[in-house]
Amino acid sequence: MGNELSLKVPSRHTSTRKATAVKVHIYDVGTTQVGQALNSILRPFGTGIFHCGVEVHNREWSFGEDGVYDTPPKKCGGHTYCDSI
């Protein structure tokens, strides 16, 4: 009763799933040098104007004004790729 959480954990690991690599690709918003310059100044302060996409199974997934969409990794249209983590 209350807010307790009960988990049942099997005594042996029986899963046959394989690990999947996941990467986050970071973009400067837009394709102009103004956005890139602004982010190069703001990034050392832990801020800026960025877009990101999550790569899973060789497809990159992002969210935009039309909802969730996929692109080839590091090729998100309308933004300038700058880093991955």
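This text follows the structure it describes.
Cut-off values and rules
Residues numbered from 1 in each chain as written. Predicted model: local features only at pLDDT ≥ 70, side-chain atom pairs only at ≥ 80, totals over all residues. Heavy atoms only, no water. Salt bridge = Lys/Arg side-chain N within 4 Å of Asp/Glu carboxyl O. Helix = DSSP H or I, 4+ residues; strand = E, 2+ residues; numbered from the N terminus. Buried < 20%, exposed > 50% of the residue type's maximum accessible area, 1.4 Å probe, protein only. Pairing = 2+ DSSP bridges. Axes fitted to C-alpha atoms, helices over the stretch in contact; angles between N-to-C directions. Contact = heavy atoms within 4.5 Å.

*Asks:* How would you summarise the pattern of salt bridges if you had to cite specific residues and measurements?
*Replies:* If charged atoms from side chains of opposite charge come close, those side chains can pair. Tallied over the full model, the rule gives two salt bridges. For the salt bridge of Arg43 with Asp83, the shortest nitrogen-to-oxygen distance reads 3.2 Å. Taken together, the residues Arg43 in the loop between helix H1 (33-42) and strand E2 (50-56) and Asp83 in strand E5 (residues 79-84) connect sequence positions 40 residues apart. Since its relative accessible area comes to 37%, Arg43 is described here as partly exposed. Looking at Asp83, the relative accessible area reads 29%, which means it is partly exposed. Asp70 is paired through a salt bridge with Arg59; the nearest N and O atoms lie 2.9 Å apart. Taken together, the residues span a long stretch of sequence, with Asp70 in strand E4 (residues 67-71) and Arg59 in strand E3 (residues 59-64) at a distance of 11 residues. Its relative accessible area of 34% is what places Asp70 among the partly exposed residues.

*Asks:* Tell me about the sheet that holds E5, residues and numbers included.
*Replies:* Within a beta sheet, neighbouring strands are joined by backbone hydrogen bonds and run either parallel or antiparallel to one another. An order of E4-E3-E2-E1-E5 is seen for the five strands of this open sheet, with the pairing classed as antiparallel. One side of each edge strand has no neighbouring strand; the edge strands of this open sheet are E4 and E5. Across the sheet, the mean angle from the axis of one strand to that of its neighbour is 35 degrees, orientation sign disregarded. For strand E1 (residues 22-29) and E5, the ladder comprises five bridges, and the chain directions are antiparallel. Of the residues in E5, the one forming a bridge with Tyr27 is Tyr81. Strands in contact with H1 are E1, E2 and E5; relative to E1, the strand with the most contacts, it is inclined by about 110 degrees.

*Asks:* So what's going on with the pairing of E3? Which residues, and what values?
*Replies:* Of the two faces of E3, the one lined by Glu60, Ser62 and Gly64 is fully buried and the one lined by Arg59, Trp61 and Phe63 carries no buried residue. Pairing of E2 with E3, which is carried by three bridges, proceeds in the antiparallel orientation. What sits directly across from Glu55, in E3, is Glu60. The turn joining E2 and E3, which pair antiparallel and follow one another in sequence, is formed by two residues; a positive phi near 55 degrees is taken by His57.

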